[in-house]
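Analysis of the macromolecular model
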Amino acid sequence: MTDHDRDPDSDDTPRLQIDRPYSGATGTEERLALNRTGSFEWDLDTRSLDIDAAGLLVFGLDPEEFTPDPGILVSRLEPAERDRLELAIDEAITGGHSSYSVHFQVPRANGTHQWTHVQARILRRDDGRAHRVIGVVRDATQEVTHSAFVLDLEKRRQRQTSIVERTTSAMSRAVSVNDVTATLTGPSSLAMLGADGVALGLVENTSINVIAASGVAPESIIKFGSGNLDPRFPLADTVLSGRPRFVTSIAGLLRRYPALEPFTDELKFRAAAYLPLIAQARSLGGLALFYCERTDFNADERNLCLGLSAIVAQSLQRATLFDEEREFATGLQSAMLPRRIQEIEGGEIAVRYHAARSGRQVGGDWYDVIALPKNRFGIVVGDVEGHDTHAAAIMGQLRIALRAYAGEGHPPATVLARASRFLAELDTNRFATCTYAQVDLPSGTVRAVRAGHFGPLIRHMDGRVGTPQIRGGLPLGLSTDFENEEYPETRLDLVPGETLVLYTDGLVEKPGADIESGICALIHEVSTGPTSAQALADHLSDRLWERWGAGDDVALLVLRRSPDPGSPRAPRLHQYIHQADPEGLSDARSIVRQALRDWNMADLADDAELVTGELLVNVLLHTEGGAVLTLEVLPEPVRRVRLSVQDRSSAWPRRRTPGETATSGRGLLLLDAIAVRWGIEPRGEGKAVWCEIGPPTPPTSGSPVASTETHESASPAETPNPSELTEERR
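Predicted, not measured: the structure shown is a model, and the values here were computed from it.

Parameters at a glance
Residues numbered from 1 in each chain as written. Predicted model: local features only at pLDDT ≥ 70, side-chain atom pairs only at ≥ 80, totals over all residues. Heavy atoms only, no water. Axes fitted to C-alpha atoms, helices over the stretch in contact; angles between N-to-C directions. Helix = DSSP H or I, 4+ residues; strand = E, 2+ residues; numbered from the N terminus. Parallel < 35°, antiparallel > 145°, perpendicular 65-115°, else oblique. Left-handed = near helix turned anticlockwise from the far one by under 90°. Contact = heavy atoms within 4.5 Å. Nonpolar A, V, L, I, M, F, W, Y, C, P; charged D, E, K, R; others polar. Buried < 20%, exposed > 50% of the residue type's maximum accessible area, 1.4 Å probe, protein only. Pairing = 2+ DSSP bridges. Salt bridge = Lys/Arg side-chain N within 4 Å of Asp/Glu carboxyl O. Phe/Tyr/Trp six-rings, centres within 6.5 Å; stacked < 30°, edge-to-face > 60°. Lys NZ or Arg CZ within 6 Å of the ring centre and 35° of its normal.

1. Some remarks on the packing of helix α15 (residues 515-528) against helix α16 (residues 533-545)
The geometry of α15 relative to α16 is characterised by a closest axis approach of 10 Å and an angle of 140 degrees between their N-to-C directions. Relative to α16, the element α15 is oriented oblique. Relative to α16, the crossing made by α15 is right-handed. Across the interface between the two elements, Ala521, Leu522, Glu525, Val526 and Thr528 from α15 touch Leu536, His539, Leu540, Arg543 and Leu544 from α16. Per-class residue counts for the contact of α15 with α16 are six nonpolar, two polar and two charged.

Okay, structure coming up:
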């Protein structure tokens, strides 16, 4: 209906041929007119349009007033419809098509719009040039309206299908009753259910308890929905009758349940569906869905609501069974673990056990704290292979056996060797891993052994976390089968304020990830967590066990030696330096310097840092273990810094006179030159080299001015006879 391929030499004289209806029998033209269908012929060369009266009637034009100009018809259309029509015709003609079909809207005199359909054939010359278009035009309003109804119906059905699919998917991931509740009240729950409010009530004996409500669900539903099963209220009535109740108005709701009249102001919805939750002929509770816009429920919508209630009921039944099994599993596991952990003097212990969230699959993880002779105690964390009641039973027997062997006073290596023999003699093919340690808190000595288990972590006073290398043996049971019951013992020194962490694999194993990433995450959380043992245990449980998905059991034991804060007038700190820690020496020097700055004694920092390095290097080079560094301020009036480095070697250093080219042997000379006093004293299995840095002791009345300030001792044990120095030091 637009100008195309106009020949400049053609005759522009308009031509119009209007076929008039004739009287008599109904012909083809009359039948088309009665069906509001007309025909047209469009001459592209002359730009003239022939259209019959029926076709003009479709466009709402008077045949007497029509001229054969196509623009008259096109001008009646709104701009958007005109552009769409012209684009369709232009694409068909210029694109070489033989026909086109297009729907568009024609405005009516009464302000409404009529859907019009044009279907035409394009006639072309031998050269492919279009010269004529013939076709029909008809009123397609009824057809399009019916199609829109079908499309709307299909859209509603798709929406209902989407609601069922989303609800089914969400409920399939709900494991416990709490999960079901969270799914029904979560941020996307109302969109998932296609409702504006939801309430869930569970039957408990002869009462109902509303455990979830969100959206426009009235707050008073907790009041009139919970309690005894009273048929005066809709949710309870639905549960008792086992039949759904569909409410399409507040007035109808109040007529049926007049007991709700005091709560009328709280009812913000217009329609509601009260649905019973029934699974395997057992009434579990009721589900209420509230709607703000809906005023009726057709058959499909009622079926949708019933389908949703069936999905929720099945999920609730599965979740209830899971919760019962989990309660049984955790109860069984808890019964096999110590009921109470003894309090210890000089420190604090925190233990945690978390059962896997996998129903009745009981794990074999355990922890224990065992009282030992001479004011010592043993700590153990272990894991029996498997996740079932058999693993739990073996764990209970093994825990008691290990406790008995430890209580007899055997060294750690013997305790694990006997425990391995005990497990091998049981009628089982299971093995177990564990870490066991004997702790003497007054001295800070920890003697640890491993049986195929993770080694402990130690958090130092400055927040750094060490991973001491604990030599290990085969898992319990396997070591006996392979006739290798050797469990080498490793000694650790736990200085005041440090924390020891024992754990099982559930705390560091993340599904699909390398175990090393889990250990790194644990080290980070131990380093940044709170200092208290109880608080740190809770922190690790919350940040790691919950993060990994709680798919495995976890046993956790945290031991902290009480700090030695000194006093504001005489502060004190301790630091353990591992022999295999290359950064420990540098960190210790930095700690000493920073501590003296904090104590307003920065003028002594250079000497103290130099002496710290010399004493620690001697220990790390000439002994087989680490060192404990103690830095303290002597109280007034002396106000000196006292440094002490303790090791486990019984060999004492001796003073040397190195030559000019010697590369060692000057350590004691340097100490003698810097310190006001220094000395060596025995400490348990080893010794401690100490020194004091600061102003000299002022001479008392009658004493000589010159004194042995460079190495005077408070006791003979502190300054040894040079002949007793048997080990050469730098």
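Further notes follow.
2. Brief notes about the packing of helix α18 (residues 605-622) against helix α19 (residues 667-674)
Pairs of packed helices are described in terms of their axes, by the angle between the two and the distance that separates them. Where α18 contacts α19, the axes come no closer than 10 Å and their chain directions differ by 155 degrees. If you check the angle between α18 and α19, you find them roughly antiparallel. In this structure, the crossing between α18 and α19 has a hand that is left-handed. Within the contact between the two elements, α18 uses Asp607, Leu610, Val611, Glu614 and Leu615 and α19 uses Gly667, Leu670, Leu671 and Ile674. Considered class by class, the residues forming the contact of α18 with α19 number six nonpolar, one polar and two charged.

3. As for the side chain of arginine 459
Position of arginine 459 relative to the elements: it lies in strand β17 (residues 457-459). The class for arginine 459 is buried, based on a relative accessible area of 6%.

4. Brief notes about the sheet that holds strand β3 (residues 99-107)
Read from one edge of the open sheet, five strands run β2-β1-β5-β4-β3, paired in antiparallel fashion. One side of each edge strand has no neighbouring strand; the edge strands of this open sheet are β2 (48-51) and β3. Mean inter-strand twist for the sheet, computed between neighbouring axes without regard to direction, equals 25 degrees. As defined by bridge partners, β3 adjoins strand β4 (residues 113-124) across nine bridges and the pair is classed as antiparallel. Each residue of the ladder has a partner; that of serine 101, found in β4, is glutamine 119. With respect to the sheet, helix α4 (residues 79-94) is in contact with β1 (37-43), β3, β4 and β5 (130-139), its orientation differing from that of β3 by roughly 170 degrees.

5. Quick look at the environment of leucine 634
Considering the arrangement of structural elements, one finds leucine 634 in the loop between β24 (627-633) and β25 (641-647). Not counting residues up to four positions away in its chain, the partners in contact with leucine 634 are Arg639, Arg640, Arg642 and Glu692.

6. With respect to the pairing of strand β20 (residues 490-493)
Residues Thr490 and Leu492 of β20 are buried on one face, and the alternating residues Arg491 and Asp493, pointing to the opposite face, are buried as well. The pairing of strand β16 (residues 445-451) with β20 spans four bridges and is antiparallel. Residue pairing across strands places alanine 448 opposite threonine 490, the latter belonging to β20.

7. So, the pattern of salt bridges
Summed over all chains, the structure comprises 25 salt bridges. Note that aspartate 230 and arginine 232 form a salt bridge whose closest N and O atoms lie 2.9 Å from each other. Across the pair arginine 677 and glutamate 692 runs a salt bridge, and its minimum N-O distance is 2.9 Å. One end of the pair, arginine 677, is in strand β27 (residues 677-683); the other, glutamate 692, is in strand β28 (residues 686-693), and 15 residues separate them in sequence. Within the structure, one salt-bridge network assembled from shared partners comprises Glu632, Arg640, Arg642, Arg677 and Glu692.

8. Some details on the packing of aromatic side chains
For the structure shown, the criterion picks out six aromatic pairs. Ring centres of phenylalanine 246 and phenylalanine 297 lie 5.2 Å apart, and the angle between their planes is 55 degrees; on these two criteria the pair is classed as tilted. Separated by 51 residues along the polypeptide, phenylalanine 246 in strand β9 (residues 245-247) and phenylalanine 297 in the loop between β11 (282-291) and α11 (299-336) bring together distant segments of the chain. Summarising the aromatic geometry, the rings of phenylalanine 454 and tyrosine 503 are spaced 5.3 Å apart at their centres and angled 25 degrees between planes, so their arrangement reads as stacked. Here phenylalanine 454 is found in the loop between β16 and β17, whereas its partner tyrosine 503 is found in strand β21 (residues 499-503), with 49 residues between them in sequence. Its relative accessible area of 24% is what places phenylalanine 454 among the partly exposed residues. For the cation-ring pair, arginine 294 lies above tyrosine 291, with the distance from its terminal atom to the ring centre recorded as 4.3 Å. The ring of tryptophan 690 carries arginine 642 above its face, with NZ or CZ at 4.2 Å from the centroid.

9. Digging into the sheet that holds β21
Taken in spatial order, the five strands line up as β12-β22-β21-β17-β18 in an open sheet, and their pairing is antiparallel. Across the chains shown, the open sheet's two edge strands, defined by having one partner strand only, are β12 (347-354) and β18 (465-466). Inspection of the sheet shows β12 paired to strand β22 (residues 554-561) by eight bridges, in the antiparallel sense. Bridge pairing links glutamate 348 to arginine 560 in β22. Strands β12, β21 and β22 of the sheet are contacted by α16, whose axis makes an angle of about 25 degrees with β12.

The values are spatial; any link to function lies outside them.
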